[in-house]
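What follows is the residue order along each chain.
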Amino acid sequence: MKLGIVGLPNSGKSTIFNAIMHAGAEAAFYPFSTVNPNTGMVPVPDNRLQVLYEMYKAKAVTPATLEMVDIAGLVKGSGRGEGLGNQFLSHIREVDAIVHVVRCFTDDNVPHVYDGIDPLRDIETVNLELVFADLEIIERKLAKVSKGARTDKNLLREEENLIKLKDALESGQSADGIDCGDLPLLSQKPVLYAANVNEGETENNPHVEKIFGHAKKNKSSVFVSCAKLESELQSLDDEERELFLREMGFSQTGLDRLITAGYELLGLISFLTAGPKEVRAWTIKRGCRAQQAAGKIHSDLERGFIRAEVVAYDDLVHSGTYAAAKERGLVRSEGKEYVVKDGDVMLIRFNV
Ligand SMILES: Nc1nc2c(ncn2[C@@H]2O[C@H](COP(=O)(O)OP(=O)(O)OP(=O)(O)O)[C@@H](O)[C@H]2O)c(=O)[nH]1
Ligand SMILES: [Mg+2]
């Protein structure tokens, strides 16, 4: 899963990036502290991998990964060159979803670029800039397509579609149902709003409630983050950190909660492969069929797919070994149309 972080300057984007990625990116009390993008990658925590690793006495564990890109802050007018402009958005065009950081914390030492905490105003400001940046892309494409549209029917259709898209975005309407082709439009990506709050302000926070309300209307998700606290907890070991977080009212770390929210938003699940060489997690879309899932591992496995031997993770663990699970009839032979479930441990039989 790849996520790109957007938000106003001083909303806490780099602080969240640091807390999640265990990184040391510059996070400072003055706006526009991030100029060049920060990128990072961390393993997606999955306790099941460790269990299988021990069961198979495997040589290696390969978890799924979370990639994140933290960029400069957007302000009203970034598209016209205000602040640091909007060129840096090119670094997040290819992400699966946007993490939109919204400032809900007050701190006299950290100036807000506009006056006072106002999540809905901030969200609208940033989202408008994403739309403006998308319109630039659409217009550039339109200029290219229009040239050939007089003589080419396909291009004519594409031109009509692009005009529809442009009109929708310009009038603030949703582009749902309009074919965006291969244009990587930021305003059309799934959004995870990160409500960044001070410690002790996670419950009954009216700012956070507003963000939940906005997200619900826009089919987005919300993730409440105490980024500053979490980035400060990094010096602690895992156990101490968890204990501390639990005392603060969080049952999971920011990374765990972000992963859960992101997978939920994008409809992602994991299936597993296990053997003496390697135990590994693979990320797929919910509803993905066995043959397509096999293609995640290698295109040969998809092309030459014969069948999949499947056992649910819990069944495998309760049985103790793969052989025991097989004996108990818990290992199924599934065809290419089988809809893969989260935690399926799969062995693909193929022939090329
Ligand atoms: N009190 C408080 N301060 C925070 C919180 N989150 C971030 N900060 C502080 O706010 C300041 C700005 O944070 P950054 O993470 O640099 O903000 P940014 O969104 O990356 O800002 P730019 O890179 O300038 O766009 C830093 O001094 C952080 O320590 C929070 O939840 N509470
Ligand atoms: Mg920053």
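Just so you know, these numbers come straight off a predicted model, no measurement behind them. (Residues numbered from 1 in each chain as written. Chains lettered and ligands numbered in written order. Predicted model: local features only at pLDDT ≥ 70, side-chain atom pairs only at ≥ 80, totals over all residues.)

Engineer: Which residues make up the overall build of the protein, and what are the values?
Structural biologist: Helices and strands together make up the secondary structure of the protein, namely twelve helices and twelve strands. Expressed as lengths along the three principal axes of its C-alpha atoms, the size of the protein is roughly 65 × 65 × 35 Å. For the protein, the proportion of its 352 residues judged to be buried stands at 34%. Considering only intrachain contacts with a sequence separation of at least 6, the fraction spanning at least 24 residues in the protein is 68%. (Helix = DSSP H or I, 4+ residues; strand = E, 2+ residues; numbered from the N terminus. Buried ≥ 20, exposed ≤ 12 C-beta atoms within 10 Å, placed from the backbone. Contact = placed C-beta atoms within 7 Å.)

Engineer: So what's going on with the site of ligand 1? Which residues, and what values?
Structural biologist: Taken together, the neighbourhood of ligand 1 is formed by 25 residues, with Gly12, Ser14, Thr15, Thr34 and Gly73 sitting nearest. Mapped onto the shell around ligand 1, the elements with two or more residues apiece are α1 (13-21) and α6 (227-232). A total of three residues in the shell around ligand 1 trace back to one element, the largest contributor, which is α1. Of the residues contributing to the shell around ligand 1, the split by class is eleven nonpolar, eleven polar and three charged. (Near = placed C-beta within 6 Å. Nonpolar A, V, L, I, M, F, W, Y, C, P; charged D, E, K, R; others polar.)

Engineer: Could you give me a rundown of the nonpolar core, with the residues and numbers involved?
Structural biologist: Of all hydrophobic cores here, the largest spans 48 residues; its most connected members are Ile5, Tyr193, Ala194 and Ala195. Here Ala195 is in contact with Val102, Cys104, His207, Val208, Ile211, Val222, Val224 and Ser225, once residues within four sequence places are set aside. Of all hydrophobic cores here, the second largest spans 24 residues; its members include Ala290, Phe305, Val331 and Ile348. (Core = buried A, V, L, I, M, F, W, Y, C linked by C-beta atoms within 7 Å.)

Engineer: Give me the environment of Val224: which residues, what numbers.
Structural biologist: Topologically, Val224 is positioned in strand β7 (residues 221-225). When the 21 C-beta atoms within 10 Å are taken as the criterion, Val224 is described as buried. For Val224, the residues in contact, after removing those within four places along its chain, are Ala195, Val197, Thr202 and Val208.

Engineer: Pulling in residues and values, what's your account of helix α8 (residues 254-266)?
Structural biologist: When the terminal C-alpha atoms of α8 are compared, their 18 Å separation across 13 residues agrees well with the 18 Å that a helix rising 1.5 Å per residue should span. Gly267 lies just past α8 and shows a positive phi near 65°. (Expected span 1.5 Å × (residues − 1).)

Engineer: Just give me the short version of the sheet that holds strand β2 (residues 38-43), but keep the residues and values in it.
Structural biologist: Strand order in this open sheet of six strands is β2-β4-β1-β5-β6-β7, and the pairing throughout is mixed. Whereas interior strands pair on both sides, the edge strands pair on one side only; in this sheet they are β2 and β7. Sheet twist, expressed as the mean angle between neighbouring strand axes with direction ignored, is 25°. Where strand β6 (residues 191-196) lies against β7, five bridges are found, and the strand directions are parallel. When the sheet's bridge partners are listed, Asn196 is paired in β7 with Ser225. The strands touched by α1 are β1 (2-7), β2, β4 (65-70), β5 (97-103), β6 and β7; relative to β4, the strand with the most contacts, the crossing angle is about 160°. (Pairing = 2+ DSSP bridges. Axes fitted to C-alpha atoms, helices over the stretch in contact; angles between N-to-C directions.)

Engineer: Pulling in residues and values, what's your account of helix α4 (residues 153-170)?
Structural biologist: Counted at 1.5 Å a residue, the expected span for α4 with its 18 residues is 26 Å, and the 26 Å between its end C-alpha atoms agrees. Within α4 the residues assigned to the buried category are Glu158, Glu159, Leu162, Leu165 and Leu169. Down the axis of α4, the smallest arc covering the buried residues is 125°, so these residues share one side. Facing away from the buried side of α4, by more than 90 degrees, are the exposed residues Lys153, Glu160 and Asp167. Elements in contact with the buried residues of α4: α3 (119-149). Just downstream of α4, Gly172 is the residue with a positive phi angle, here 75°. (Arc of directions from axis to C-beta.)

Engineer: Summarise the packing of α3 against α4; cite the residues concerned and give the values.
Structural biologist: Two numbers describe how α3 lies on α4: the axes approach to 9 Å, and their chain directions differ by 155°. Considering their axes alone, α3 and α4 lie roughly antiparallel with respect to each other. α4 is crossed by α3, and the crossing has left-handed handedness. Here Val131, Asp134, Leu135, Ile138, Lys141, Leu142, Val145, Ser146, Gly148 and Ala149 of α3 come into contact with α4, specifically with Leu155, Leu156, Glu158, Glu159, Leu162, Leu165, Lys166, Leu169 and Glu170. (Parallel < 35°, antiparallel > 145°, perpendicular 65-115°, else oblique. Left-handed = near helix turned anticlockwise from the far one by under 90°.)

Engineer: Tell me what's going on with the environment of Asn127, and back it up with residues and numbers.
Structural biologist: One can find Asn127 in helix α3. Sequence spacing of Asn127 and Gly7 is 120 residues, and the spatial spacing of their C-alpha atoms is 8.9 Å.

Engineer: Any details on the packing of α3 against helix α5 (residues 206-217)? Residues and values, ideally.
Structural biologist: Relative to each other, α3 and α5 sit at 45°, their axes nearing to 9 Å. Relative to α5, the element α3 is oriented oblique. Residue-level contacts link Pro119, Leu120 and Ile123 of α3 to His207, Lys210, Ile211 and His214 of α5.

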